[in-house]
Amino acid sequence: MLVLAVLVVAGCGSTPPSPSRVEREAQAFSQRGARAFEQGQWEAARGFYSEALRLDRSVENRDGIATNLLNLARVAQASGKPVESHVQLDQLLTDAPLTLPRERQAEAAGRKAQLYLAESNLDLAAHWAARGEALCGETCPTLAALMNLRAMAALRSGDQSGALTQAARALAASDERSPERANAHRLMGEAQLQGRNAANAL
């Protein structure tokens with residue numbers, strides 16, 4: 001549901017200053033981690049991302065730190081280690097010792113919502129999706145995905161009205177090319193069907 005691909009370190013907004021030697025080394029390790037991930041080599045990917053994280057922390061590269069924590073969380077999730085994934089995400093969300101980019105924190109909250117959905121812990125899934133939305137702001141690239149996560153949590157808890165509301169918000173927040181539009185339409189259809197089935201059962 002939530003489109004959070006493996007990230008390669010990149011700046012946001014205005015053109016960033018030229019990276020330092022250490023930051024370039026971190027980027028190279030991050031790219032090697034992405035290639036290993038694509039090949040399903042979880043341990044190799046974990047090692048490359050961990051080294052990239054160590055280098056970025058040594059020069060307090062906030063975006064690099066956040067990106068590599070997200071990537072490590074994704075590796076842990078893909079390799080069937082949800083507890084480890086939560087540990088990585090919680091590091092990103094603690095704000096210590098550096099204040100990390102809010103858009104990255106929103107992605108981390110969305111990833112936690114995904115993990116809780118997979119565990120059928122719907123209350124925590126809804127909580128973290130809402131927290132991600134609060135962190136996001138109006139121009140965050142994951143905003144529609146977070147709304148769809150809230151819709152999914154509502155739908156699975158039997159709240160058809162809440163699911164329709166959140167999916168409609170996601171539809172309004174997504175552009176024409178976003179996969180979240182299709183996700184929103186699907187969730188709205190499922191909520192409407194669930195509501196009709198419930199009415200027919202009366």
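Check the entry above for the structure.
Residues numbered from 1 in each chain as written. Predicted model: local features only at pLDDT ≥ 70, side-chain atom pairs only at ≥ 80, totals over all residues. Heavy atoms only, no water.

**As for the overall build of the chain**
(1) Moving on: Along its length, the chain carries nine helices and zero strands.
(2) Moving on: Ordering the α and β elements of the chain from the N terminus gives α-α-α-α-α-α-α-α-α.
(3) Moving on: Here the chain holds 202 residues, and the buried ones make up 46% of them.
(4) Moving on: Within the chain, contacts between residues at least 6 apart in sequence are counted, and of these 59% link residues at least 24 apart.
(5) Moving on: Of the roughly 10100 Å² that the chain leaves accessible, carbon and sulfur atoms contribute 52%. (Helix = DSSP H or I, 4+ residues; strand = E, 2+ residues; numbered from the N terminus. Buried < 20%, exposed > 50% of the residue type's maximum accessible area, 1.4 Å probe, protein only. Contact = heavy atoms within 4.5 Å. Areas by Shrake-Rupley, 256 points an atom, 1.4 Å probe, with all protein chains shown as cover.)

**So, the packing of aromatic side chains**
(1) Moving on: On inspection of all chains with the given rule, the structure shows two aromatic pairs.
(2) Moving on: Between Phe 29 and Phe 48 the ring centres are 6.4 Å apart and the planes differ by 35°, which places this aromatic pair in the tilted class. Taken as a pair, Phe 29 in helix H1 (residues 21-38) and Phe 48 in helix H2 (residues 42-58) lie far apart in primary sequence, 19 residues in all.
(3) Moving on: A relative accessible area of 24% means that Phe 29 is categorised as partly exposed.
(4) Moving on: Sitting above the plane of the Trp 128 ring, Lys 112 keeps its charged end 4.9 Å from the centroid. (Phe/Tyr/Trp six-rings, centres within 6.5 Å; stacked < 30°, edge-to-face > 60°. Lys NZ or Arg CZ within 6 Å of the ring centre and 35° of its normal.)

**A few points about the state of the cysteines**
(1) Moving on: Per the counting criterion, the structure on display carries one disulfide.
(2) Moving on: Across the disulfide, Cys 136 is cross-linked to Cys 140 (sulfur-sulfur distance 2.1 Å). What sets the handedness of the Cys 136 and Cys 140 disulfide is the S-S torsion sign, and at about -60° it is left-handed.
(3) Moving on: Note on Cys 136: relative accessible area 7%, which makes it buried. (Disulfide = S-S within 2.5 Å.)

**Thoughts on the environment of Arg 102**
(1) Moving on: With respect to the element layout, Arg 102 can be found in helix H5 (residues 102-118).
(2) Moving on: Through-space distance from the C-alpha of Arg 102 to that of Gly 137 is 8.8 Å; in sequence the pair is 35 residues apart.
(3) Moving on: Sequence-distant contacts of Arg 102, that is, excluding residues within four places in its chain, are made with Ala 134 and Leu 135.

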